[in-house]
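Architecture at a glance
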Amino acid sequence: MIDVQDLSKDYMQKHKDPGLSGALKGLVKPEYKVVHAVRDLSFHIGEGEIVGFIGPNGAGKSTTIKMMSGILTPTKGRVLIDGRDITKHRKEVVRNIGVVFGQRTQLNWDLRLGESFELLKHIYQIRQADYDRTLDELDRILGIKEIIDKPVRQMSLGQRVKGDLVASMLHSPKVLFLDEPTIGLDVSAKFALRKFIKEINRVRKTTVILTTHDLGDIQELCERIIIINHGVMMEDGNLSQIVDRIAPYKTLVVEYYDEAAPEHPRCEMILHEGNVAKYRFLKNDLTAAEIIADLSKVKTIKDVSIEEAGIDDIIKVAYGA
Amino acid sequence: MGFAIIKFVVESFGEINGWNYGQLAFLYGLSVISHALSMIFFVQGWFMGYYVIEGDFDRYLTRPLGVLYQFFFTNINIFGVTDLIPGILVFIYGCVKCEVTVNLLFILQVVVILVGATLIRGGIYILLGSTSFHTRSAVDFGQYTQEIMDKTTMYPLSMYPESMQFILTYLIPVGWISFYPVSALLGIDSAYNAMLVPLITLGVGILVMLVAGAYFSMGLRKYGSAGN
Ligand SMILES: Nc1ncnc2c1ncn2[C@@H]1O[C@H](COP(=O)(O)OP(=O)(O)OP(=O)(O)O)[C@@H](O)[C@H]1O
Ligand SMILES: [Mg+2]
């Protein structure tokens, strides 16, 4: 479905020296600083997958999405969608994709939402019957018809993102790119959006590539994640396998009756605050029961609980935080 | 305003460079009409730099149509019509003064000239606007360009030095917007064939557009969107 080969993007950022002389120099002979935003990314995404793109700010996620959706021309490498190079055959290939940026609308500020949809209907030459059917279907999931007569300018962020999502799906694309779609949304809007993504993926077999800083999105939606940092691929694979490999531990939380907490020889005490201590241990090495047994020989335990390693743990490792 | 000056000059001196009052009105009117048409269809070109800086080409790039096509045709400026009406009035006035026979051929010639002239103007806007892809800055070139184009298309080109005429004919071919076609149509200079010159204007218009389109596409490859 999607083949990304040696994809790289350099940006030329204008470098300005401070002060008047700097400004003049910039006018006469501007100096550029090369930013390697994305370096040699290669991966394959199959039909019907939902892939989460994660990485810290400035990692190159948006840049990658923009190259995959035909907005930016790669400095090196290429993106094939259904075997066709999106840079070379942009007009044909983009028929099969939809794109939503959570931070910026693709809709026309001056039009009512419905008018923007009509415009898209003409641009993609969607047949009336298909258009009506798709709109009904999307309305059932997102409840769009109540805001269809609203000018985009007057919409709340959540309404606008809904509008953008529907707009991106009107032509029934095979691939949907979502760049931080849940940013700034409240809990129920996030919930609706996740439901929407799951639905279109299940019913229409739409392939979804999304970036997010919300680990809930990842947990809910993605079986597969790709982690990038400094434009370089750090991880690509099944979410739970990556968690198992990078963070093969659990954490035992123990509460005592006073502030003294004993160490355990095969655990790392990662927190000791008041009467509570957290012991991190390797899943394959040890069980929580053994630790509890060992500890209770030394000191009376009031309460215990277990924390599983999650995406936040792998992110700490992968981001180098 | 510009035409008031012409009127003043002509009334004081009788003519400009061998062009009488009616011929000047014809030239002026035709130039204003193509200017108005370019304002209707291509004025967005003046603002291309802002689109480049703000990353506003993103939405056009993700849709299955030509970027330039969407850029201009989703931004058609109906207010350009306000320039169209005075242009038409002065042009009709010029036609009457010059006693031209208005027949099908004449109308066809004028239409061909106007299409060519509008394309030349539009192409120049695109060429200038596309420099923003390389400079990464938005220069408001509209005003200057307009002044230069007004000065070179509303008055006979023959009043400028020959080197200027050469430049304005072959390098920045604004001479074809009004001066050469009107010289031919009104028979002011017998060297210009009234059948051929309108077609040359159209040809030059298409050529300028093609070059502009290619330069724009080159720029688009350097387009950097905006880092949100
Ligand atoms: N239009 C641009 N011009 C110049 N440099 C850019 C541009 N867009 C992004 N960059 C730079 O490229 C790098 C990657 O940016 P990108 O927006 O792809 O990161 P990201 O992973 O999407 O980050 P975030 O999580 O903050 O959205 C950054 O160093 C950024 O400063
Ligand atoms: Mg981003």
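Since the model is a prediction, treat every value here as computed from it, not as a measurement.

Section: the interface of chain B and chain A
- At the junction of the two partners, chain B supplies 25 residues and chain A supplies 26 residues.
- At the boundary of chain B and chain A, one finds two salt bridges.
- Taking the shortest distance from any N to any O, the salt bridge between Asp56(B) and Arg104(A) comes out at 3.0 Å.
- The greatest single-element share of the side of chain B that touches chain A, amounting to four residues, is contributed by helix α4 (residues 58-61) of chain B.
- Class assignment of the residues belonging to the side of chain B that touches chain A gives a composition of eight nonpolar, 10 polar and seven charged.

So, the packing of helix α9 (residues 239-246) of chain A against helix α11 (residues 311-318) of chain A
Residues and elements named next belong to chain A.
- Relative to each other, α9 and α11 sit at 60°, their axes nearing to 9 Å. Between α9 and α11, the crossing angle belongs to the class labelled oblique. For the element pair α9 and α11, the recorded crossing hand is left-handed. Contacts from Leu 239, Ile 242, Val 243 and Ile 246 in α9 reach Ile 311, Ile 314 and Val 317 in α11.
- Partitioning the contact of α9 with α11 into residue classes produces seven nonpolar, no polar and no charged.

As for the packing of aromatic side chains
- Evaluated as defined, the whole model comprises 24 aromatic pairs over all chains.
- Pairing Phe166(B) with Tyr170(B) gives two aromatic rings, centres 5.0 Å apart and planes at 50°, and the pair type is tilted. Here Tyr170(B) and Phe166(B) lie together in helix α9 (residues 162-171), a separation of four residues that amounts to about one turn. Summarising the burial analysis for this pair, Phe166(B) and Tyr170(B) share the class exposed.
- An aromatic cluster of three or more residues is present, and its members are Phe42(B), Tyr51(B), Phe57(B), Tyr60(B), Phe71(B), Phe72(B), Phe133(B), Phe216(B) and Tyr223(B).
- The cationic tip of Lys121(A) hangs over the ring face of Tyr131(A); the distance from NZ or CZ to the ring centre is 5.1 Å.

A closer look at unusual backbone geometry
- Phi angles above zero are rare outside glycine, and Asp82(A) is one such case at about 50°.
- On the basis of relative accessibility, which here comes to 38%, the residue Asp82(A) falls in the partly exposed class.
- Phi is positive for Ser225(B), close to 55°, though the residue is something other than glycine.
- Topologically, Ser225(B) is positioned in the segment after α11 (196-222).
- By relative accessible area, which is 8% here, Ser225(B) ends up buried.

Points about the domain arrangement of chain A
Residues and elements named next belong to chain A.
- Parsing chain A into structural domains produces domain 1 (47-243) and domain 2 (248-318).
- For domain 1 versus domain 2, the separation of C-alpha centres amounts to 41 Å.
- Contacts between the two partners involve 11 residues from domain 1 and, on the opposite side, eight residues from domain 2.
- In this assembly, domain 1 packs against domain 2 so that about 750 Å² is buried in total across both faces, 81% of it on carbon and sulfur atoms.
- When the buried area of domain 1 at its contact with domain 2 is split by residue, Leu 215, Ile 227 and Val 243 rank highest and sum to 61% of it.
- Linking domain 1 with domain 2 are zero salt bridges, by the criterion used here.
- Looking at the side of domain 1 that touches domain 2, the elements that each hand over two or more residues are α8 (215-221), β9 (224-229) and α9.
- When its residues are assigned to classes, the side of domain 1 that touches domain 2 shows nine nonpolar, two polar and no charged.

Reading the values: rules and limits
- Residues numbered from 1 in each chain as written.
- Chains lettered and ligands numbered in written order.
- Predicted model: local features only at pLDDT ≥ 70, side-chain atom pairs only at ≥ 80, totals over all residues.
- Heavy atoms only, no water.
- Contact = heavy atoms within 4.5 Å.
- Salt bridge = Lys/Arg side-chain N within 4 Å of Asp/Glu carboxyl O.
- Helix = DSSP H or I, 4+ residues; strand = E, 2+ residues; numbered from the N terminus.
- Nonpolar A, V, L, I, M, F, W, Y, C, P; charged D, E, K, R; others polar.
- Axes fitted to C-alpha atoms, helices over the stretch in contact; angles between N-to-C directions.
- Parallel < 35°, antiparallel > 145°, perpendicular 65-115°, else oblique.
- Left-handed = near helix turned anticlockwise from the far one by under 90°.
- Phe/Tyr/Trp six-rings, centres within 6.5 Å; stacked < 30°, edge-to-face > 60°.
- Buried < 20%, exposed > 50% of the residue type's maximum accessible area, 1.4 Å probe, protein only.
- Lys NZ or Arg CZ within 6 Å of the ring centre and 35° of its normal.
- Domains from an automatic or database assignment.
- Buried area = accessible area lost by both parts, 1.4 Å probe.

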